[in-house]
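# Fold and contact review
Residue-level listing of the chains:
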Amino acid sequence: MRRVSWLLAALLPSQLLAEEIGEVSTVFKWFGPNDRIVVEAFDDPKVEGVTCYLSRPRTGGVKGGLGLAEDRAEASIACRQVGKIRFREELKDGEVVFKERTSLVFKSMQVVRFFDEKRNTLVYLVYSDRVIEGSPQNAVTAIPILPWGE
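Everything numeric in this text was worked out from a predicted model, so none of it was measured. (Residues numbered from 1 in each chain as written. Predicted model: local features only at pLDDT ≥ 70, side-chain atom pairs only at ≥ 80, totals over all residues. Heavy atoms only, no water.)

### Concerning the overall build of the protein chain
Looking only at helices and strands, the protein chain has two helices and eight strands in total. In the protein chain, the order of α-helices and β-strands from amino to carboxyl end is α-β-β-β-α-β-β-β-β-β. The buried share of the protein chain, taken over its 150 residues, is 36%. Long-range contacts, defined here as pairs at least 24 residues apart, represent 46% of the contacts in the protein chain between residues at least 6 apart. Within the structure as shown, the protein chain displays about 9,300 Å² of accessible surface, and the carbon and sulfur contribution to it stands at 57%. (Helix = DSSP H or I, 4+ residues; strand = E, 2+ residues; numbered from the N terminus. Buried < 20%, exposed > 50% of the residue type's maximum accessible area, 1.4 Å probe, protein only. Contact = heavy atoms within 4.5 Å. Areas by Shrake-Rupley, 256 points an atom, 1.4 Å probe, with all protein chains shown as cover.)

What follows is the structure, given as C-alpha cells:
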C-alpha cells in the first residue's frame, strides 16, 4: 500500500519522505494490516546522483493500521550511485539526510551521511533513536565517488 501519512507531513513539512518501492507480509493479522517489511527509496537532498534504499519492519494489526504501533528498531540500507555525483551544498559529517517516525512520539529511524575524504567515499549510517534510550542496531553502506558516463 503506497501512502504518505498526512499527519506526519503536517507535523514535519521539511522532512524528506521516502517513496515506497514494495513490501512483503511477514505475520498475518486477523484485524488490521499484516506485519510486513517495506522497502523505501529516497534521494540524498544534498548529493545529486545518490539514491538510498531502506528495508525495515512495519508493525500491523489495529494499532499499526491507526499509526499507533511502535516499529522495531531494525533496518538495512543500501545506497547507490545512480548518476554523476554533484554536491549541491557543503556537506557536514553526521548530517541527517532522512528521518522517519517509528512510534507515535518518542522513536525515529534516521540516516546520517559522512564523507570519507581520504578514500573519496560517501558513507551512510541508518539507526534508530529514542528519547530515553537509543538502539545499538544499525547498518552502514558506502559509495565510492567514481566518474559517471565520461
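### Some remarks on the packing of aromatic side chains
Following the criterion strictly, the structure yields two aromatic pairs and no others. Seen from their ring centres, Phe42 and Phe98 are 4.6 Å apart, and the 15° between their planes marks the pair as stacked. One end of the pair, Phe42, is in strand β2 (residues 35-43); the other, Phe98, is in strand β5 (residues 95-101), with 56 residues separating them in the sequence. Residue Phe42 shares its accessibility class with Phe98, and that shared class is buried. Summarising the aromatic geometry, the rings of Phe87 and Phe115 are spaced 5.9 Å apart at their centres and angled 70° between planes, so their arrangement reads as edge-to-face. With Phe87 in strand β4 (residues 76-87) and Phe115 in strand β6 (residues 107-116), this pair connects stretches of sequence that are 28 residues apart. Exposure remark for Phe87: the relative accessible area of 41% places this residue in the partly exposed category. For Phe115, a relative accessible area of 26% puts it in the partly exposed group. (Phe/Tyr/Trp six-rings, centres within 6.5 Å; stacked < 30°, edge-to-face > 60°.)

### Structural notes on the pairing of β2
Here β2 runs beside strand β3 (residues 47-58); their pairing, made up of eight bridges, is antiparallel. Within β3, the position partnered with Val39 by the bridge is Ser55. Taken together, β2 and the strand that follows it, β3, pair antiparallel across an intervening segment of three residues. (Pairing = 2+ DSSP bridges.)

### Quick look at the state of the cysteines
Evaluation of the coordinates by the stated rule reveals one disulfide. Here Cys52 pairs with Cys79 through a disulfide, and the sulfurs are 2.0 Å apart. As the torsion about the S-S bond is roughly 105°, the Cys52-Cys79 disulfide counts as right-handed. You can see Cys52 sitting in strand β3 and its partner Cys79 sitting in strand β4, a full 27 residues away along the chain. Judged by relative accessible area, which is 0%, Cys52 ranks as buried. (Disulfide = S-S within 2.5 Å.)

### Observations concerning the environment of Arg113
You can see Arg113 is positioned in strand β6. For the pair formed by Arg113 and Val97, sequence separation is 16 residues and the distance between their alpha carbons is 6.7 Å. The residues touching Arg113, leaving out its near neighbours within four places in the chain, are Asp44, Lys46, Val47, Leu91, Lys92, Asp93, Gly94, Glu95, Val97, Leu122, Val123 and Tyr124. Reaching out from Arg113, the side chain makes a polar contact with the side chain of Asp44 at a distance of 2.8 Å. (Polar contact = N/O pair within 3.5 Å; in protein donor to acceptor, adjacent residues only side chain to side chain.)

### Digging into the confidence of the model for the protein chain
Interpretation of this model should avoid reading the predicted coordinates in detail wherever pLDDT is low. Across the protein chain, the average pLDDT comes to 78, with 67% of residues at or above 70. For the stretch residues 1-15, pLDDT sits under 50, and the model shows 11 contacts to residues farther than four places along the chain or on other chains. (pLDDT = per-residue confidence, 0-100.)

### A word on the nonpolar core
In this structure, Phe42, Val50, Ile77, Val111 and Tyr124 are the most contacted members of the largest nonpolar core, which totals 19 residues. Mapped by element, the contributors of at least two residues to this core are β3, β4, β5, β6, β7 (121-130) and β8 (138-144). Top element by residues in this core is β3. It accounts for four residues. Apart from residues no more than four positions distant in its own chain, Ile77 is found in contact with Cys52, Tyr53, Leu54, Val111, Tyr124, Val126, Ala139, Val140 and Thr141. (Core = buried A, V, L, I, M, F, W, Y, C linked by side-chain atoms within 4.5 Å.)

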